Amino acid sequence: VTINYRHGLPVITLMLPTRSERCQFTVKPALTTVGAFLQDVQREDKGIERAEVFTTDGSKVSDATLMEVLLMNDFKLVINNTTYSVSPPVKEKLSSEHATEMDDIKSLVHRLFVALHLEDHQIRKERELLQKLDHLKEELLPLEQMKARIMDSADAKTSRLLWIGLALMSTQGGALAWLTWWVYSWDIMEPVTYFITYGSAMAFYAYFVLTKQDYIYTDAKDRQFLHYFYRKSKKQHFNVERYNKLKEDLAKAEESLRRLRQPLHLRLPIEEINDKD
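Residues numbered from 1 in each chain as written. Predicted model: local features only at pLDDT ≥ 70, side-chain atom pairs only at ≥ 80, totals over all residues. Heavy atoms only, no water.

## A short note on the sheet that holds strand β3 (residues 21-26)
Spatially, the three strands line up as an open sheet ordered β1-β2-β3, and their pairing is antiparallel. Bordering the open sheet on either side are β1 (2-6) and β3, each of which pairs with just one other strand. The sheet shows a mean angle of 30° between the axes of neighbouring strands, taken without regard to direction. Pairing between β1 and strand β2 (residues 9-16): five bridges, direction antiparallel. Opposite Thr2, over in β2, you have Thr13 as the bridge partner. In the packing of helix α1 (residues 34-44) onto the sheet, contacts are made with β2 and β3, and the angle to β3 comes to roughly 145°. (Pairing = 2+ DSSP bridges. Helix = DSSP H or I, 4+ residues; strand = E, 2+ residues; numbered from the N terminus. Axes fitted to C-alpha atoms, helices over the stretch in contact; angles between N-to-C directions. Contact = heavy atoms within 4.5 Å.)

What follows is the structure, encoded as structure tokens:
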């Protein structure tokens, strides 16, 4: 196995075992991997069942390793049961000025590639996100309708309970007034009102012990609403967890679409937008 440089590219010459002829393989060190090179060798000679690369100390070289890295040191090429020791020639080092020019050219090529392919990638990604949004909205539509019906029912029951509470308090006040002024006197009714007040305080304290919340009318109303909502959801077989998961996925997809469209309008690469965020 020999390696020579031709027009700046390494040319690997080796003997094909089945065909008994020498074959040359020109590789691009910065792009070709070891796995791709071995596949080219096996594709050229169908009789090759095993093709692997090892370092001089016997460690196997990964197929993902670039040929540029492999050609920096000596290595062993194993084809079937034959092992070849390969010593790549020392490539002339570039001057610092020439190396800087090469880095600039590579950077320019990369920027051109991004400019030419980024918009296509963004359009394709936008199309995928729009399809995902349509699919999520289709799944959410029947759930939203069912949720709206359940919420209306729970809200009606909660409002009815509040009006019942007001009616009971009004009845209690009227009964105490009637007993005070028409049946008994204030001297008799005063202890009764005291124990009614004390009993109400005990009821509010019991509410705090059970719920770990102060008895605030708005919080109590919301708590009762959720109680009716979940009980009705269970009867109607409304999956609250699935609904919440779909809403989260929809919000994430909309946010991804918004962030994707922003650089399209500004004509800026996505990575610049991410850096600003």
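## Here's the deal with α1
What sets the pattern is the α-helix's 3.6 residues per turn: residues three or four places apart point alike. Val34, Gly35, Phe37, Leu38 and Val41 are the residues of α1 that are buried. Angular distribution of buried residues about the axis of α1 spans 160°; they occupy a single face of the element. For α1, the elements touching its buried residues are β2, β3, β4 (51-55), α2 (67-70) and β5 (75-79). (Buried < 20%, exposed > 50% of the residue type's maximum accessible area, 1.4 Å probe, protein only. Arc of directions from axis to C-beta.)

## Points about the nonpolar core
By size, the foremost hydrophobic cluster in this structure holds 22 residues, and its most contacted members are Leu14, Phe37, Val53, Phe75 and Leu77. Of all the secondary structure elements, the ones that give two or more residues to this core are β2, β3, α1, β4, α2 and β5. If one sorts the elements of this core by residue count, α1 sits on top with four residues. If we ignore the near neighbours within four places in the chain, the residues touching Leu14 are Val1, Glu21, Arg22, Cys23, Phe25, Phe37, Val41, Leu77 and Ile79. (Core = buried A, V, L, I, M, F, W, Y, C linked by side-chain atoms within 4.5 Å.)

Treat this as a map of the structure, not an account of what it does.
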